[in-house]
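Geometric and topological summary
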Amino acid sequence: MSLITPLGAVATLAAEALTRNTVLERFLRETGLGVYGIATSGSTTTIVDTAALLSSQLSNDVLPGAWARIGLDAAGTGVAPEAEVQPVSSYVASTGTVTITAMTTAVAAGDHYQFWRYLHPKMVLDTLDDILANACYGPAWTLLSNVPDGDMESSTAAASWTAGSNATITKQTGDPAMWGKRYLRVVNAAANSYAYQRFTIAPGRQYHFSVLGRNDQAIDAASTPQLIVYDRTNSAVLGTVTGNVNGTDTRLWLDFSTPSTCYEIEVRLSATGATARTHWDEAVFFSYDDRDIPLPAWVREKAQVKGLFRTSWDTLGSNLYAPMPRMQHDPRRFDIMDGRTTDGRLWAVSHYGALDAPVLMFGTRPETAYTSDTQESKRVDANWLNAALCFRVFGQLLNAPNAGPLNSDWIQKQYTRWEKEYTVQKRSQEQRLAEVIRSAQPMMQFYPAPDTATTSRYTVR
């Protein structure tokens, strides 16, 4: 187990929001493997910094041979030359001017630059991606579901959801967040527009579908979110649930039976207003005849699953639930095993009884690699991430057959230093995980209740 820090809204006040540029600048500062700064002017072939690079004490030989990288475009939109890398050919300390191979766009005043003197930045970028994707895990609550991207954590809305006519769909990460890191936004250009998914189902069975939804009152205060289940085989609506108009998170739910001639349904996340903007998360779909349900796609191994909980819900109106459930921990009910599909996902399989309510999972979710230097932030502990990155990079340099101009004794000392720091930071994160499992969660609490003959229970409020 490595990094443990909450993902999503619960971490807003507890963990730093780190951009890739911030991470790389700290890495250069801590290791001495390069320098960084802010350009005062430039062109496609020059970077000028009269504040930090203009000096009578620096030699013109310190930067030629390094790689120049732009870590932040001053416009703040992530466009070129941000993330471009080019070699440095010359440096004039008396003017603070560095000459480089041409970038695609001119370097401008306010652009953040990095000079990598001893190793190519791609090596560090690849290592950072690997740490985030394979060693960085955070506690996560999610409801199990047969809906692809039901937790809305895919970065691309169109990966599983389709925009109906007169609707635009995107994934959002900003506050006010819903569950996890992302949620689905549906913007209407006409009344009753929607996003949808289609499902092949069995006729004559009872199903449950529910989803967390809210209306954006700042856009259309009178609009309401709607959940619609549509029988595509027979061109008929099987059920409609209308949410609240007040802009609060509410779970819209519908239990429905499929007609004997129904083989395909379409679930629509809709809104009544012609200019409505609605947000959606944690879509749950299962059959009351099923004894198994897939785990989220990001669950790679059983050890990530820390608990599965039966849920019950406070009622807020007709077919409306409170956003957070009450739960009972039932550790003996489910086995985690390979499922009946070929997509490699693990499934929760019930020992006794079919599913009778949504199942909530508490587990550890891996982070994802950065997609840009400045347009994406990670809720990750900065000290842990820096220690992990330094430890890994110096380990790679230590194992390289030729470290170039770097002294091997210095590399060994740096490796030892960062190994100790990483061990300290890793232990701190492991303790945080243990505390998360033992203690109360924001808006949810679970505590031991008396054992029964069949199961050890925890009630969650």
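The paragraphs below set out a description of the structure included in this document. (Residues numbered from 1 in each chain as written. Predicted model: local features only at pLDDT ≥ 70, side-chain atom pairs only at ≥ 80, totals over all residues. Heavy atoms only, no water.)

**Quick look at the packing of aromatic side chains**
- Considering all chains together, one arrives at 16 aromatic pairs under this definition.
- Ring centres of Tyr207 and Phe256 lie 5.8 Å apart, and the angle between their planes is 20 degrees; this geometry places the pair in the stacked category. In this pair, Tyr207 sits in strand S15 (residues 206-215) while Phe256 sits in strand S18 (residues 250-257), placing the two residues 49 residues apart along the sequence. The two residues Tyr207 and Phe256 agree in class, both being buried.
- An aromatic cluster of at least three residues, connected via ring pairs, comprises Phe199, Tyr207, Phe209, Phe256 and Phe285.
- Over the aromatic face of Tyr183 sits the side chain of Arg214, whose NZ or CZ is 5.3 Å from the ring centroid. (Phe/Tyr/Trp six-rings, centres within 6.5 Å; stacked < 30°, edge-to-face > 60°. Helix = DSSP H or I, 4+ residues; strand = E, 2+ residues; numbered from the N terminus. Buried < 20%, exposed > 50% of the residue type's maximum accessible area, 1.4 Å probe, protein only. Lys NZ or Arg CZ within 6 Å of the ring centre and 35° of its normal.)

**Focus on the sheet that holds strand S8 (residues 97-100)**
- Taken in spatial order, the seven strands make up an open sheet running S3-S9-S6-S7-S8-S5-S4, and their pairing is antiparallel. Each having just a single partner strand, strand S3 (34-38) and strand S4 (41-42) make up the two edges of the open sheet.
- Pairing between strand S7 (residues 85-92) and S8: four bridges, direction antiparallel. Of the residues in S8, the one forming a bridge with Ser90 is Thr99.
- This element, helix H1 (residues 20-31), spans S3, strand S6 (67-72) and strand S9 (112-116) of the sheet and lies at about 40 degrees to S9.
- Most of the contacts of helix H2 (residues 121-134) go to S6, to which it runs at about 45 degrees, and overall it touches S6, S7 and S9. (Pairing = 2+ DSSP bridges. Contact = heavy atoms within 4.5 Å. Axes fitted to C-alpha atoms, helices over the stretch in contact; angles between N-to-C directions.)

**A look at the pattern of salt bridges**
- Inspection of the entire model under this criterion finds 20 salt bridges.
- The salt bridge partner of Glu30 is Arg417, with a shortest N-O separation of 3.8 Å. In this pair, Glu30 sits in helix H1 while Arg417 sits in helix H4 (residues 408-438), placing the two residues 387 residues apart along the sequence.
- Under the relative-accessibility criterion, Glu30 is labelled partly exposed at 25%.
- Two residues, Lys122 and Asp126, come together in a salt bridge whose shortest N-O distance is 2.7 Å. With Lys122 and Asp126 both in helix H2 and four residues apart, the pair spans about one turn of that helix.
- Overall, Lys122 belongs to the partly exposed group, its relative accessible area being 48%.
- Connected via shared salt-bridge partners are Arg198, Arg232, Glu264, Glu266 and Arg268. (Salt bridge = Lys/Arg side-chain N within 4 Å of Asp/Glu carboxyl O.)

**Re H2**
- Taking 1.5 Å as the rise per residue, H2 with 14 residues should run 20 Å; its terminal C-alpha atoms sit 20 Å apart, in good agreement.
- Pro121, Val124, Leu125, Thr127, Leu128, Ile131, Leu132 and Ala133 are the residues of H2 that are buried. (Expected span 1.5 Å × (residues − 1).)

**Quick look at H1**
- In this model H1 runs 16 Å from its N-terminal to its C-terminal C-alpha over 12 residues, within 8% of the 16 Å that 1.5 Å per residue would give.
- Of all the positions in H1, only Arg20, Asn21, Val23, Leu24, Glu25, Phe27, Leu28 and Thr31 are classed as buried.
- Positive backbone phi, at 75 degrees, marks Gly32, one or two positions downstream of H1.

**Side note on the nonpolar core**
- Formed by 32 residues in total, the largest nonpolar core has its most connected members in Phe27, Val124, Trp384, Leu385 and Leu389.
- Listing elements by their share of this core, those giving two or more residues are H1, H2, helix H3 (382-399) and H4.
- Looking at this core, the element that brings in the most residues is H3, giving 11 residues.
- Not counting the four nearest positions on each side in its chain, Leu389 is found in contact with Val23, Phe27, Val124, Thr127, Leu128 and Ile131.
- Judged by nonpolar contacts, the second largest core, of 30 residues, contains Met178, Trp253, Trp298 and Phe309. (Core = buried A, V, L, I, M, F, W, Y, C linked by side-chain atoms within 4.5 Å.)

**Things to note about the packing of H1 against H2**
- At a minimum axis distance of 12 Å, the contact between H1 and H2 shows a crossing angle of 120 degrees. Here H2 runs oblique to H1, going by the angle between their axes. Two packed elements cross with a definite hand, and for H1 against H2 that hand is right-handed. Between H1 and H2, the residues in contact are Arg20, Val23, Leu24 and Phe27 and Val124, Leu125 and Leu128, respectively.
- Residue composition of the contact of H1 with H2, grouped by class: six nonpolar, no polar and one charged. (Parallel < 35°, antiparallel > 145°, perpendicular 65-115°, else oblique. Left-handed = near helix turned anticlockwise from the far one by under 90°. Nonpolar A, V, L, I, M, F, W, Y, C, P; charged D, E, K, R; others polar.)

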